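This is what each chain is made of:
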Amino acid sequence: MLRNAWKPVAAAVALGGPAYVYYSYRSDRYPTFNLPVKVKGADGRLEMTTRAIPLLPMEQLEARIKEHATEDTHHCLTGPIWRFATAALSSNDPIEDANAHQVIQRDESDPSAPGDYLFFAVMDGHSGRDTSQLLSRVLIKAVALELSNLVTDPNAQPNPSILQRVYSLMGSSPVQKAQAVLDANPLRVSRAIENAFTKLDTELISAPIQVLANSLDDEARKNKVIPDLSQHPLAMTAMLPAISGDSRAVAGVWEKTPDGKGQWRVEVLTEDQTGRNPNELKRLQSEHPKDETDYVVREGRILGGLEPSRAFGDARLNQAFLVGNGRPLRPPPALFKTPPYVTARPVVTHRKFDFPSKPESYSPGAPRFLVLATDGLWDELSSEDVVSLVGGHLAGLKGTVPKSDLSAVVPTSIGYAGIDGKKKRKEDAAGSWAFTDENVSAHLIRNAFGGGDKTRLRQLLSIPAPYSRRYRDDITVTVVMWEDGKEDAAKVTTIKSKL
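Note that the coordinates shown come from a computational prediction; the quantities given were computed from them, not determined experimentally.

What counts and what doesn't
Just so you know, the residues in each chain are numbered from 1, in the order the chain's sequence is written. At least 70 in pLDDT is required for a residue's local features to be given in this predicted model, at least 80 for side-chain atom pairs to be given and counted, and no such filter applies to totals for whole chains, interfaces and linings, which use all residues. With hydrogens and water excluded, all non-hydrogen atoms of the structure serve as input to the side-chain values. Going along the chain from the N terminus, every DSSP run of H or I of four or more residues is numbered as a helix, and every run of E of two or more is numbered as a strand. Categorising residues by exposure relies on relative accessible area from a 1.4 Å probe, with only protein chains included: less than 20% of the type maximum marks a residue as buried, more than 50% marks it as exposed, and the intermediate range marks it as partly exposed. Stacked, edge-to-face and tilted are the three classes for Phe, Tyr and Trp ring pairs, Trp counted by its six-membered ring, which pair at centre distances within 6.5 Å; planes under 30 degrees apart are stacked, over 60 edge-to-face, the rest tilted. DSSP calls a pair of strands paired once it identifies at least 2 bridges connecting them. Throughout, a residue-residue contact means that at least one pair of heavy atoms, one from each residue, lies within 4.5 Å. In this description, a line fitted to the C-alpha atoms serves as the axis of each element, helices being fitted only across the stretch in contact, and the angle between N-to-C directions of two axes falls anywhere from 0 to 180 degrees. Oblique is the label for any angle not covered by the other classes, which are roughly parallel (under 35 degrees), roughly antiparallel (over 145) and roughly perpendicular (65 to 115). Crossing handedness: left-handed means the near helix sits turned counterclockwise from the far one by under a right angle, and right-handed means the same turn made clockwise. For this classification, the nonpolar set comprises Ala, Val, Leu, Ile, Met, Phe, Trp, Tyr, Cys and Pro, the charged set comprises Asp, Glu, Lys and Arg, and every other residue, Gly included, is treated as polar. Nitrogen and oxygen atoms within 3.5 Å of one another constitute a polar contact, given that in protein one can donate a hydrogen and the other can accept it, and given that sequence-neighbouring residues count only through two side-chain atoms. Each residue carries a pLDDT score, the predictor's own confidence in it, on a scale running from 0 to 100. In this description, a nonpolar core means a group of buried Ala, Val, Leu, Ile, Met, Phe, Trp, Tyr and Cys residues linked to one another through side-chain atoms lying within 4.5 Å. By definition here, a salt bridge exists when the distance from a side-chain nitrogen of Lys or Arg to a carboxyl oxygen of Asp or Glu is within 4 Å.

J.: Give me the lowdown on the overall build of the protein chain, citing residues and values where you can.
T.: For the protein chain, the helix and strand inventory stands at 12 helices and 23 strands. In the protein chain, which comprises 499 residues, the share counted as buried stands at 50%.

Encoded structure:
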């Protein structure tokens, strides 16, 4: 949520990484390269083998990078013009990511009304796309509903079924009128957002149980027979888990420097909510008995399995499973003792920024852009890389830039680096960055998978599902920018393409 009080909320996220691949050539339509992959052997166990993967033409891959790229603009009555760009690239088939945005406009008839509110969210599904798709439809509305309750009646008791009220909002216009200032008490606003997340998660997890209860007749209760609900539309959706923990929000803040050149300051606005985050590790250990301390998080993962420590709908780690349809559902982990192990309660970041109504009134340190992305991006790029790439894009860079030279062309500094909850990746200083995309989010996706190194880009994007999941994750990126931010952008030299 963005306005005078800046409250970015990233709702989401899995693993990806580079590997060595080798070319071979056949007489088929495309050249191929050999790729180590896991397949099921004759005994049903996974084993490593090598597959020849067709190297797809660059024209086809360019179309994939741009396929889901969109841009939109919101003109405020006062203040800057907002531009936001989104792009997504799948690894899973179908993609498990989702995204959403919503604008709540001020009441134009009331001069004292607050400014506009902008909501942005990215969601990365886990073991399926159903929950992330559902969240893309209801999460922002659930937050807006909770904030509306805070405005209209701060002492009101919460409705027991937030989903029912959210569904009633689905048919309404995405642009609604804000009636009161919510920024007066940031703590209460943060709690309202937390409540929206946790209430919605409770509904998602409990909905299948409610469906089951409604489907039991007297005979079934007497004989203790659980009906087959595998084709119930709600059961097919609400039982699937979604991750809302290790996406990341990063701001790029333009600062003037004594030499007059200026630089971008990297401000990480969220913490990666995984078992590798010391704060999350401490929280999880405190919420479970001492005899679970050594294994509630193993190798950075919850009970040695799930990486994010905060998630929507992950019932497998939060409640015991029923047995139905004549066969057991997926059992809980072997170390499962004292659920819940995963919470949907978000860590809400509240950062105060000024958004002057005139470009010339921007002060040093004025914010310029915000990047929200699922962890597929952060598996490949650091927060500093992302700010440098967006800063160069805003400055009009074209062509390719050696990775080792970008820091001199687009200088950065570190404000708050956040807490990196991801598995440490190897930094690759070789290769080059590419500045070829008009859409800044597609620009980031291209550079996550090779940038100016077309050979690596073609290899990674040519790997089909399901093999691709071992080498890269789904990526969804939303970049929110201020139109006025270009006036003071870094003065950089356009570099002609070396390709």
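On we go.
J.: How would you summarise the packing of aromatic side chains if you had to cite specific residues and measurements?
T.: The tally for this structure, following the rule as stated, stands at 5 aromatic pairs. Seen in terms of ring centroids, F84 and F120 are 5.1 Å apart; in terms of plane orientation they differ by 70°. Their pairing is edge-to-face. Of the two residues, F84 sits in strand β6 (residues 81-89) while F120 sits in strand β8 (residues 117-125), which places them 36 residues apart along the sequence. Between W264 and F369 the ring centres are 5.1 Å apart and the planes differ by 50°, which places this aromatic pair in the tilted class. Placement of W264 in strand β12 (residues 263-268) and of F369 in strand β19 (residues 367-373) is noted, with a sequence separation of 105 residues between them. There is no split in this pair, since W264 and F369 are both buried. Ring pairing ties together the aromatic residues W254, W264 and F369, which thus form one cluster.

J.: I'd like to hear about the pairing of β6, residue by residue, with values.
T.: Counting buried positions along β6 yields 8 of 9 residues, so the element is predominantly enclosed. One ladder, built from 6 bridges, connects strand β5 (residues 70-75) with β6; its direction is antiparallel. Bridging across to β6, T73 finds its partner in R83. Looking at chain direction, β6 and strand β23 (residues 475-482) are connected through 8 bridges and run antiparallel. Looking at the pairing, R83 lines up with M481 of β23.

J.: I'd like to hear about unusual backbone geometry, residue by residue, with values.
T.: Cis geometry marks the peptide bond from D93 to P94; its omega dihedral reads 5°. Inspection of the secondary structure assignment puts P94 in the loop between β6 and β7 (97-106). Along the chain, A465 connects to P466 via a cis peptide bond; the corresponding omega equals 5°. Along the chain, the position of P466 falls in the loop between α12 (454-462) and β23. The phi angle at E299 is positive, at roughly 55°, despite the residue not being glycine. Inspection of the secondary structure assignment puts E299 in the loop between β13 (297-298) and β14 (301-302). E299 gets classed as exposed once you look at its relative accessible area, which sits at 74%. We note that L303 has phi near 55°; this positive angle belongs to a residue other than glycine. Relative to the helices and strands, L303 resides in the loop between β14 and β15 (311-312). Assessed through its relative accessible area of 8%, L303 is described here as buried.

J.: Provide a residue-level description of the environment of G452, including the pertinent values.
T.: By secondary structure assignment, the location of G452 is in the loop between α11 (440-448) and α12. Sequence separation between G452 and G399 is 53 residues; the distance between their C-alpha atoms is 8.5 Å.

J.: Can you explain the environment of V348? Please cite residues and give values.
T.: With respect to the helices and strands, the residue V348 is situated in the loop between β17 (327-328) and β18 (351-352). In this structure V348 comes out as buried when scored by relative accessible area, which is 17%. For V348 and R191, which are 157 residues apart along the polypeptide, the C-alpha to C-alpha distance reads 8.2 Å. V348 has contacts with S190, I193 and E194, leaving out every residue within four places of it along the chain.

J.: Kindly report on the packing of helix α9 (residues 383-394) against α11, identifying the contributing residues and their values.
T.: Closest axis-to-axis distance for the α9/α11 pair is 10 Å, and the angle between their directions is 135°. Relative to α11, α9 is oriented oblique. In terms of crossing hand, the pair formed by α9 and α11 is right-handed. Within the contact between the two elements, α9 uses V386, L389, V390 and H393 and α11 uses V440, H443, L444 and N447. Classifying every residue of the contact of α9 with α11 by side-chain character gives 5 nonpolar, 3 polar and no charged.

J.: Describe the side chain of T476, naming the residues involved and giving the relevant values.
T.: Note that T476 resides in strand β23. T476 sits in the buried class, given a relative accessible area of 1%. In this structure the side chain of T476 is engaged in a polar contact, spanning 2.9 Å, whose partner is the side chain of D97.

J.: Outline the confidence of the model for the protein chain, listing residues and values.
T.: On average, the protein chain scores 76 in pLDDT, and the residues at 70 or more come to 67%. Throughout residues 485-499 the model reports pLDDT below 50, and contacts reaching past four residues in sequence, or to other chains, amount to 32 contacts.

J.: Please provide a residue-by-residue account of the nonpolar core, values included.
T.: In terms of nonpolar packing, the biggest core is built from 64 residues, with F369, V371, L377, V390, L444, F449 and V477 touching the most fellow members. The contacts of V390, once residues within four sequence positions are left out, are F369, V371, V440, L444 and V479. Grouped together as the second largest cluster of nonpolar side chains are 27 residues, F119, I140, F197 and L200 included.

J.: Explain the pattern of salt bridges residue by residue, including any values.
T.: Scanning the entire structure with this criterion turns up 19 salt bridges. Its salt-bridge partner being D246, residue K422 comes within 3.3 Å of it at the nearest N-O pair. Here K422, found in the loop between β21 (412-416) and β22 (432-435), pairs with D246, found in the loop between β10 (242-243) and β11 (248-255); they are 176 residues apart in sequence, far enough to count as distant. K422 gets classed as buried once you look at its relative accessible area, which sits at 5%. Between R276 and E307 there is a salt bridge; the shortest N-O distance is 2.9 Å. Taken together, the residues span a long stretch of sequence, with R276 in the loop between β12 and α7 (278-286) and E307 in the loop between β14 and β15 at a distance of 31 residues. Judged by relative accessible area, R276 falls into the partly exposed class, the value being 29%. One network of salt bridges, with partners in common, ties together D246, R276, E307, D375, D379 and K422.

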